[in-house]
Amino acid sequence: MKCLFLLLMKFIMVLNLYSKDLYEYKFNWYPRIIVEDDVIVFPDSSKYETYNTTGVWEDNFGNYGIMKCLVSQFINSNQKITLNGYCEANDHKQGKFWMSLKRQSFNKAGIGKSKYIFTESIYKIIQDKECPYAAQIIEGGGVFKLICKLTKDEYDILNK
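For every chain, the first residue of the written sequence is number 1, and numbering continues from 1 onward in sequence order. This being a predicted model, a pLDDT of at least 70 is required before a residue's local features are given, and a value of 80 or more before pairs of side-chain atoms are given or counted; all residues contribute to the totals for chains, interfaces and linings. Only heavy atoms go into the side-chain values, all of them from the structure, while hydrogens and water stay out.

A. Region of interest: the pairing of strand β6 (residues 96-106). Two strands pair under a simple rule: DSSP has to find at least two bridges between them. Under the scheme used here, helices are H or I runs from DSSP no shorter than 4 residues and strands are E runs no shorter than 2 residues, and both carry numbers assigned from the N terminus. In the sheet, strand β5 (residues 80-91) pairs with β6 via eleven bridges, with the strands oriented antiparallel. From the neighbouring strand, C87 faces β6, where its bridge partner is M99. The hairpin formed by β5 and β6 contains four residues between the paired strands, and Q94 there has a positive phi angle of roughly 70°. In terms of strand pairing, β6 meets strand β7 (residues 109-119) through seven bridges, oriented antiparallel.

As structure tokens, then:
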């Protein structure tokens, strides 16, 4: 799984090399994941689980804050998942945004789509944007990296 995540990150980095004229919003989140009693295990070893996760985030414009998510996922007997989540984030200047997470990949690592569904303050510029993300789960937590392509005007607004 670790190799899959590294390959995904290298793929994203290679794409960045060939898109120098594009502007990007880069978002990193470091959640703590605790799955407690909210698990249903089926006879074929597949399972459905829900969990809450919270962690710090940062972006490439110097913003940072706390984000919490409520996530549900179905993990089939081959360890492939269907994940749906909703998150609420606050930055250090009291700006807020809400996003959805969707992913169909392997349990511990993979790529998915995120969408900014509601936004306030400077984040208004990314409302309704869908952006790819890569996630790697490690014991008790994880790493989440998202990159949104922006126009120059959108980039300049976020960069103020």
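Moving on from the model shown.
B. Inspection of the side chain of T119 at higher detail. Mapped onto the fold, T119 is located in strand β7. We call two N or O atoms a polar contact when they sit within 3.5 Å, provided that within protein one can donate a hydrogen and the other can accept it, with sequence-adjacent residues counted only if both atoms are side-chain atoms. A distance of 3.4 Å separates the side chain of T119 from the backbone oxygen of Y123, its partner in a polar contact. Within the structure, the side chain of T119 is placed 2.7 Å from the side chain of Q127, a separation counted as a polar contact. Those residues in contact with T119 that sit more than four places away from it in its chain are K96, F97, W98, K124, I126 and Q127. Between two residues, a contact is recorded if the distance between any of their heavy atoms is within 4.5 Å.

C. Main features of the packing of aromatic side chains. Centres within 6.5 Å make a pair out of two Phe, Tyr or Trp rings, where for Trp the six-membered ring is used; the pair is then stacked when the planes are under 30 degrees apart, edge-to-face when over 60, and tilted otherwise. Applying the stated criterion across every chain, the model contains 16 aromatic pairs. Put simply, the rings of Y23, Y25, F27, W29, W57, F61, F97, Y116, Y123, Y133, F144 and Y155 pair up and form one aromatic cluster.

D. View of the pattern of salt bridges. When a carboxyl oxygen of Asp or Glu lies within 4 Å of a side-chain nitrogen of Lys or Arg, that pair is called a salt bridge. One pass over the structure, following the stated rule, counts seven salt bridges. For E24, the salt bridge is made with K149, and the minimal N-O distance between the two is 2.6 Å. With E24 in strand β1 (residues 23-34) and K149 in strand β9 (residues 141-150), the pair connects residues that are 125 residues apart, well separated along the chain. With a 1.4 Å probe rolled over the protein chains alone, any residue whose accessible area is under 20% of its type maximum counts as buried; one over 50% counts as exposed, and the rest are partly exposed. The exposure class of E24 is buried, given its relative accessible area of 10%. Connected through shared salt-bridge partners, E24, K26 and K149 make up one network.

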